[in-house]
Amino acid sequence: MTISYNWLSEYLPEAIDPVQLSKILTSIGLEVESLEQYEKIKGGLKGLVIGEVMECQQHPNADKLSLTKVNIGTDQLLNIVCGAPNVAKGQKVVVATVGTTIYPVGGEPLTMKLAKIRGEESQGMICAEDEIGIGTSHAGIIILPATAIPGTPAAEYFNPYSDWIYEIGLTPNRMDAMSHMGVAKDVCAYLTHHQKETRVKSPFNNSFKADNNDLPIKVSVENSIDCPRYSGLTISGVTVKPSPEWLVNKLTAIGVRSINNIVDITNYILHETGQPLHAFDAAAITGNEIIVKNCPDQTIFTTLDDKERKLNAADLMICNASEGMCIAGVFGGTKSGVNANTKAIFLESACFHSTTIRKTSIRHGLRTDAATRFEKGIDISNTVNVLKRAALLIKELAGGEISSDIVDLYPNPAPRVTVTIKNHYLKKLSGKNYHSDKVKRILTALGFGIVKEGMDELMVEVPYSKPDISIPADIVEEILRIDGLDNVEIPSLISISPAVDGLGIKENLREKIATFLIGKGFTEIITNSITNSKYFDEESSLHLVKMMNNLSAELDVLRPSMLESGLETIAYNLNRKNNNLQLFEFGKTYQPKEDGFVEEEHFCLFVTGNNQDQGWRSKSSQMDFYSMKGLATAILQYCGLSNIRFELVENESAIHIYSDKQLLGQILVVGNKKLAAFDLKQPVYMLDFTFKKIMSAVQKKQIVYKEVNKYPAVQRDLALVVDKAITYGAIEKSIQTIKLPKLQQMHLFDLFESEKLGTNKKSMAVSFTFWDDAKTLTDTEIDGMMGKLIQCFEKEIQAEIRK
């Protein structure tokens, strides 16, 4: 939420320093995320002064340059070389002295320095409009009226608009603070509680009166559920023109583009009160009738951005007697909008159902300021007051007459919500003792009405501007906010009851794995579990969990795998020349089922680029499948798991990972098609574990402590000549057919291919480590075990022993 300091101050009884106001806003729960100065003219004309040209003569070394002496209100005249064709003696001008920084339109900042131009010293510059940002003309220097006084700072003379802009991080329930008046009410409540009674300076007055009834518009509401209140009136004889400077300045400062006086007033009122308005060209209202209704499904409607949209049957529309004019509460249509030829308008101030507006807004991808207000809820009691305020402002700035009485359709007035809060509940939730007078003072300052007061309780009526308040806890929150969230007392002694938490095992395992990987040089990432459905092909899209109210068109499904969000992160880094990446993430994936969806937690690694950069002692080496296989083994062993094996998945570029016959995850070589979808041109490897399965396997493992073996281990090697199709995994699997409890380790240490070995043959050299906990192994025992291995290899994988 963007708030202007100047604008907000208009509703406060006295000015507050911008920084102090920032602290107050944060204290009352309106967290100020940033406070920045806004300058309509960049630099604010600082350092520029008004001068008078006392002398002007031809430059001796240049035909198009002039030598001037300029009085800037000091004892000494400045020598300035000027290239403007219109410079002359006696002119009042704007001067940039040495050391002043100017900000040319469309250019880089420029600091004035003492210079010599064609042999003549220049002690500054006489400025044109575009050179200091007050205009776009470069035809010549600015010539001021004769009344301008030399030495006057240019900032004082031109008085350029400046402001302080707050970016407030609003929580979704704070619709009451989505306007300048809403924020002012909270500030005044804070001042009332902490200093003295303070009231908001209201812009509303009682001077509203219809001038005539020459242009009545009939209004009917067919869907009163989605439109519980609809108000409007007509204004004729208006002149559509640019807005006055004060209005343009206010809107521009908060990032709203000025369009024309009518549209700007509706935007101004929106940001002032939080009530969206819409102005229709009265000439476009066929039959002088407005109907609020739902149009048939797939009806074509052209919106203000000239796009044809197919309406949904649930979309609420504002129609004339023959066609739709506006998507209610979201976006207007091309035919009924205010334009330069508009002479009469119908001004709408309504309340629409928040859920309906949000669904329509998301459905059509139209996230407008009006839609964001309606979807969070507005003050239904304020539509007519705001309408009167806007109508009077239009009369003031666009002329015309109010040509109808106010139409106000409100068939089912909303009752005010009452909430009862007990003193002991307030103390229990807030941790503070509040006197009942303070509680009433805070709540009345916020607009609550006191209904009933008892010995230990207080019943209040909730203002319509706070539709989120319905239970006692909400009242406690309001009291705490205005008292100041930073005033919550912290007790000197905190008692904690120890408890056994099953989540501790899971979190400890996560921390253990994360610490291990960080030590290996990996970086943890956290990505959004909501992703883009366009990442998935037509077949895969049938198995996606789709968002009902997605925040944007790009984030519309829950991710079925961790791959796509990981590739987004990799692409982001590669585009910024960070080419060597080792990332890991703990996250969740989602799969649909009949009654909802299944949520599954994963632990993934993503690697691409070099594992090691080139140095004077070593060459660079790329991450590959074998790097991932080694990492998978190391992680599982670090978690205490054993009997780890890998199996290639047929027709897929993936390897399944097992421990004690339980499938734990897979290694995936990302395919070229998927890489191309993210514009990635280097290989990417992914290690994907189902975290629940790892945790289950770890919990099943019984930790056994034993003495370090004091007997020596014995190593023997075998070189096996096998078919090229034989993998190391096949060798490991074949050993499982024989029982060799004294074989503790084995690993592949050499791979050799040559025509001398035979057609389609290769040699695989494997090292075996044996030891016995009870004694030193003899050669006879070792030879016996090696013999069993040789027989196994010859039988299972048709291996020949290479001599």
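Rules and cut-offs
- Residue numbers restart at each chain and count upward from 1, following the sequence in its written direction.
- Owing to the predicted nature of the model, reporting of local features is limited to residues with pLDDT of at least 70; listing and counting of side-chain atom pairs is limited to 80 or more, with chain, interface and lining totals taken over all residues.
- Calculation of side-chain values draws on the structure's entire complement of heavy atoms; hydrogens and water are dropped beforehand.
- For two strands to count as paired, DSSP must find a minimum of two bridges between them.
- Secondary structure follows DSSP: runs of H or I at least 4 residues long count as helices, runs of E at least 2 residues long count as strands, and numbering of each begins at the N terminus.
- Fitting a line to C-alpha atoms yields each axis, with helices limited to the stretch in contact; the angle taken between N-to-C directions then spans 0 to 180 degrees.
- Pairs of residues are marked as contacts when any of their non-hydrogen atoms sit within 4.5 Å.
- We place a 1 Å grid over just the protein atoms. Points where a 1.4 Å probe fits but has no way out form a cavity, open points with protein on both sides within 12 Å along at least 5 of 7 lines form a pocket, and any residue with an atom within 4 Å of a point lines it.
- Grid points are joined across faces, edges and corners, and a volume is the space filled by probe spheres set on the points.
- Gly is placed with the polar residues, together with every amino acid not listed as nonpolar (Ala, Val, Leu, Ile, Met, Phe, Trp, Tyr, Cys and Pro) or charged (Asp, Glu, Lys and Arg).
- Stacked, tilted and edge-to-face pairs are distinguished by plane angle, under 30 degrees for stacked and over 60 for edge-to-face with tilted covering the rest, among Phe, Tyr and Trp rings (Trp via its six-membered ring) whose centres lie within 6.5 Å.
- A positively charged side chain is recorded as over a ring if its NZ (Lys) or CZ (Arg) lies within 6 Å of the ring centre. The angle to the ring normal must also be within 35 degrees.
- Type-normalised accessible area, obtained with a 1.4 Å probe on protein chains alone, sets the label of each residue: buried when under 20%, exposed when over 50%, and partly exposed for intermediate values.
- Among buried residues, those of type Ala, Val, Leu, Ile, Met, Phe, Trp, Tyr and Cys that are joined through side-chain atoms within 4.5 Å constitute a nonpolar core.
- It is the rotation of the near helix from the far one that decides the hand of a crossing: anticlockwise by less than a right angle makes it left-handed, clockwise makes it right-handed.

Novice: Can you help me understand the sheet that holds strand E12 (residues 162–169) in this one?
Specialist: Read from one edge of the open sheet, 3 strands run E1-E12-E2, paired in antiparallel fashion. Every interior strand has two partners, whereas the edge strands, strand E1 (2–4) and strand E2 (31–39), have only one. Averaged over neighbouring strand pairs, the angle between their axes works out to 25° when direction is ignored. Strands E2 and E12 of the sheet are contacted by helix H2 (residues 18–27), whose axis makes an angle of about 155° with E2.

Novice: What should I look at first to understand empty space enclosed by the protein in this one?
Specialist: Empty pockets left among the atoms are what a rolling probe the size of a water molecule brings to light. Taken as a whole and assessed by the stated rule, the structure comprises 2 cavities of 30 Å³ or more. Its volume calculated, the largest cavity comes out at about 50 Å³. Residues belonging to the lining of the largest cavity are distributed by class as follows: 6 nonpolar, 2 polar and 2 charged. By volume, the second largest cavity amounts to about 40 Å³. Thr608, Gly609, Gln622, Met623, Gln682, Pro683 and Tyr685 together form the lining of the second largest cavity.

Novice: Got a minute to help me understand the packing of aromatic side chains in this structure?
Specialist: What describes a pair of aromatic rings is the distance from one ring centre to the other and the angle between the planes of the rings. Under the counting rule described, the total for this entry stands at 14 aromatic pairs. Look at Trp7 and Tyr268: their rings are 4.8 Å apart centre to centre, the planes differ by 5°, and that puts the pair in the stacked class. In this pair, Trp7 is assigned in helix H1 (residues 5–9) and Tyr268 in helix H7 (residues 261–273), connecting sequence segments 261 residues apart. With a centroid separation of 5.7 Å and 70° between ring planes, the pair formed by Tyr590 and Phe597 is classed as edge-to-face. Ring pairs connect the aromatic residues Phe584, Phe586, Phe603, Phe689 and Phe691, which therefore count as one cluster. Of note, Lys512 hangs over the ring of Tyr638, and the distance from its end group to the ring centre comes to 5.2 Å.

Novice: Would you mind going over the layout of surface pockets with me for this structure?
Specialist: Within this model, the largest pocket holds a volume of roughly 2000 Å³. Taken together, 45 residues form the lining of the largest pocket, with Asn643, Ile644, Arg645, Glu732 and Met746 sitting closest to its centre.

Novice: Can you help me understand the environment of Phe448 in this one?
Specialist: Note on placement: Phe448 falls in the loop between helix H12 (436–445) and strand E26 (449–453). The buried category is assigned to Phe448, whose relative accessible area is 4%. For the pair Phe448 and Val462, spaced 14 residues apart in the sequence, the C-alpha separation amounts to 5.2 Å. The residues touching Phe448, leaving out its near neighbours within four places in the chain, are Leu443, Val460, Glu461, Val462, Pro463, Lys466, Ile469, Ile475 and Glu478.

Novice: Looking at this structure, how should I read unusual backbone geometry?
Specialist: Both trends apply: most residues other than glycine have a negative phi, and most peptide bonds are in trans. Unlike most non-glycine residues, Asn159 shows phi in positive territory, near 50°. Along the chain, Asn159 falls in the loop between helix H4 (154–158) and E12.

Novice: Would you take a moment to explain the nonpolar core for this structure?
Specialist: Where a protein is soluble and globular, its nonpolar side chains tend to be buried together. Ranked by size, the top nonpolar core spans 69 residues in total, and within it Leu25, Ile262, Ile394 and Ile475 carry the most contacts. Those residues in contact with Ile394 that lie beyond four places of it in its chain are Ile235, Val238, Ile262, Ile265, Ile345, Leu347 and Gly399. If you look at the next biggest cluster of nonpolar residues, it comprises 33 residues, including Phe522, Met623, Phe646 and Ile667.

Novice: How should I be thinking about helix H8 (residues 354–364) in this particular structure?
Specialist: Residues lying three or four places apart along an α-helix face the same way, a consequence of the helix completing one turn every 3.6 residues. When we look at burial in H8, the residues that qualify are Thr356, Ile357, Arg358, Thr360, Ser361, Ile362 and His364. On its buried face, H8 sits against strand E18 (308–310), strand E20 (324–327) and helix H9 (369–376).

Novice: What should I look at first to understand the packing of H8 against H9 in this one?
Specialist: When two helices pack together, their arrangement is given by the angle between the helix axes and by the axis-to-axis distance. Between H8 and H9, the least distance of the axes is 7 Å, while the angle of their chain directions is 145°. The two elements H8 and H9 meet at a crossing, and its hand is left-handed. Two secondary-structure elements touch here, H8 through Ser354, Ile357, Arg358 and Ser361 and H9 through Ala371, Phe374, Glu375 and Lys376.

These values are about where atoms sit, not about what they do.
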